[in-house]
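# Notes for the structure review
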Amino acid sequence: MAAAAAGGNSAPPAEVEAVAASWMLEFSCCCLCRHFGDECLAEFQRWSDVACALINGLSKIPTHQKKTVYLCQLLIRIAKGKKLECHFENCKRISPLESALSFWTLLEREEIQLEKLHKDIRQLIQIQIVAVYMESGYFKEAAEALERLFTDSESDKPLRMKLATVIKSKDPYVPLLQTFSYDFLIRKIKSYIELFMKENETNFLLQAAMKEVESQGLGAIALQSKTVNADENDKKNLELKQRPHAGRKLRERTVLQSLNGLQNVEKHGHALVSVRKRQRWTYNEDLKLKLGVKEFGVGNWAKILVHGDFSNRTSVMLKDRWRTLCKIQRS
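The notes below deal with the structure included here. (Residues numbered from 1 in each chain as written. Predicted model: local features only at pLDDT ≥ 70, side-chain atom pairs only at ≥ 80, totals over all residues. Heavy atoms only, no water.)

## Concerning the nonpolar core
Buried together is how nonpolar side chains tend to be arranged in soluble globular proteins. Under the convention used in this document: Put simply, a nonpolar core is a bunch of buried Ala, Val, Leu, Ile, Met, Phe, Trp, Tyr and Cys residues held in one set by side-chain atoms that sit within 4.5 Å of each other. Note on exposure labels: buried denotes an accessible area under 20% of the residue type's maximum, exposed denotes more than 50%, and partly exposed covers the range between, all computed with a 1.4 Å probe on protein chains only. Secondary structure follows DSSP: runs of H or I at least 4 residues long count as helices, runs of E at least 2 residues long count as strands, and numbering of each begins at the N terminus. Contact between two residues is taken to exist if any of their heavy atoms lie within 4.5 Å; hydrogens are not considered.
With 60 residues, the main nonpolar core has Leu 71, Leu 74, Leu 75, Ile 78, Leu 163 and Leu 185 as its most contacted residues. With eleven residues, the top contributor of residues to this core is helix α6 (residues 115–135). In this view, Leu 75 contacts Leu 32, Cys 33, Phe 36, Phe 44, Ile 189 and Ile 193; residues no more than four positions away in its chain are not counted. Formed by eleven residues, the second largest nonpolar core is a distinct cluster that contains Val 293, Leu 305, Trp 322 and Leu 325.

Now the structure itself:
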């Protein structure tokens, strides 16, 4: 009788499953964020599969979980950003980063207090959509993507014109693409993830799991293991810690200033400038350049640059050096 009474008061199974799935999805998103930040690819892929299964099981995205779903989809696509053979949309022309941009747009609509970070990440994704195509030699596809990326609004015009010029140059190593690199995009995404994780520290499953770990004393064991591993790596890390980090901090600060300059380019009209230290051409570089011209022909500087394995050179530098060599030979 008691069992029957208890059964009569139990919640409908479908609603129970929905609540549990909601907790699991939020927990999966937290795991995705953590492994993306730690660059643990195997664990990230495992939790990607879990998150996708839970998302695909939703008949409709609940309003309170829209941000969670959009972030999961964004991270999964950013992680595959350089793999043009991967497709997330029915249209095969849409690259992983283009698909990621659509979810970033949805995320922007869910938030209003992070306008500066939103704009930075949006521009970095747009730049890298073009850069990834160009790095693979797909210049036509890069031009087509550019047409899809931008509207005719005046606010988009400066970046659109810069990218159009870059595509025409057929040089994937121009300062714009090198400054606003894929690695810089990843760092910005990690900054966003940190903010998201702080907002979701009260995740139900996460809190329940932490209590369970603490009750079983597993936390102390894990901490001891972590301490032992840290001790073993002290000697390796000591040298790295003693190295000055001023150069890296200066580079990061310069990149941030460049991004701000890019956002204000319409107002000030300044072009992105890269100051390069002049580097004397060596005999081996001249030889590689001549072999490259013989194999690919004059004018195919981007191909020659990639296949010649030049260090700290651009296709423009190759073109200028070839002109100099021709002048020397004529004289």
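Read on, since the account is not over.
## What to know about helix α17 (residues 315–330)
Going by this rule: One less than the number of residues in a helix, times 1.5 Å, gives the span that helix is expected to have. Directions pointing from the helix axis toward each C-beta atom define the arc.
With 16 residues, α17 extends 23 Å from end C-alpha to end C-alpha; this agrees with the ideal 22 Å at 1.5 Å per step. Those residues of α17 not exposed but buried are Ser 315, Leu 318, Arg 321, Trp 322, Leu 325 and Cys 326. All buried residues of α17 fall inside an arc of 145 degrees around its axis, so they share one side. The exposed set on the far side of α17, more than 90 degrees from its buried face, consists of Lys 327 and Arg 330. Packed against the buried residues of α17 are α15 (283–296) and α16 (301–308).

## Considerations on the pattern of salt bridges
Between side chains of opposite charge, a pair can form as their charged atoms come close. Note the following rule: Each salt bridge in this description consists of a side-chain nitrogen of Lys or Arg and a carboxyl oxygen of Asp or Glu lying within 4 Å of one another.
Going through the model one piece at a time under the given rule, you end up with eleven salt bridges. Measuring nitrogen to oxygen at the nearest pair gives 3.0 Å for the salt bridge that ties Glu 199 to Lys 67. On the criterion of sequence distance, the pair formed by Glu 199 in helix α10 (residues 182–199) and Lys 67 in helix α4 (residues 66–79) is long-range, its members being 132 residues apart. With relative accessibility at 44%, the residue Glu 199 sits in the partly exposed group. The shortest N-O distance in the salt bridge between Arg 321 and Asp 286 comes to 2.8 Å. Taken together, the positions of Arg 321 in helix α17 and Asp 286 in helix α15 put the pair 35 residues apart, joining distant regions of the chain. Neither Arg 321 nor Asp 286 differs from the other in exposure class; each is buried. Residues joined in a network through salt bridges with shared partners are Lys 67, Glu 111 and Glu 199.

## Quick look at the state of the cysteines
Applied cut-off: The disulfide criterion is simple: two cysteine sulfur atoms within 2.5 Å.
Here the structure, examined in full by the defined rule, presents zero disulfides. Here Cys 30 stays free of any disulfide, with the sulfur of Cys 29 as its closest cysteine sulfur at 6.0 Å. Residue classification places Cys 30 among the buried positions, given a relative accessible area of 5%. The structure places no disulfide on Cys 52, whose sulfur is separated from the nearest cysteine sulfur, that of Cys 72, by 8.1 Å. On the accessibility criterion, Cys 52 (27% relative accessible area) is partly exposed.

## Quick notes on the packing of aromatic side chains
Using the following cut-off: Two rings from Phe, Tyr or Trp (for Trp, the six-membered ring) form a pair when their centres sit within 6.5 Å of each other. Planes less than 30 degrees apart are called stacked, planes more than 60 degrees apart edge-to-face, and all others tilted.
Taken as a whole, this structure holds five aromatic pairs when the rule is applied. With a centroid separation of 5.5 Å and an interplanar angle of 80 degrees, the aromatic rings of Phe 27 and Trp 47 are classed as edge-to-face. In this pair, Phe 27 sits in helix α2 (residues 13–38) while Trp 47 sits in helix α3 (residues 41–56), placing the two residues 20 residues apart along the sequence.

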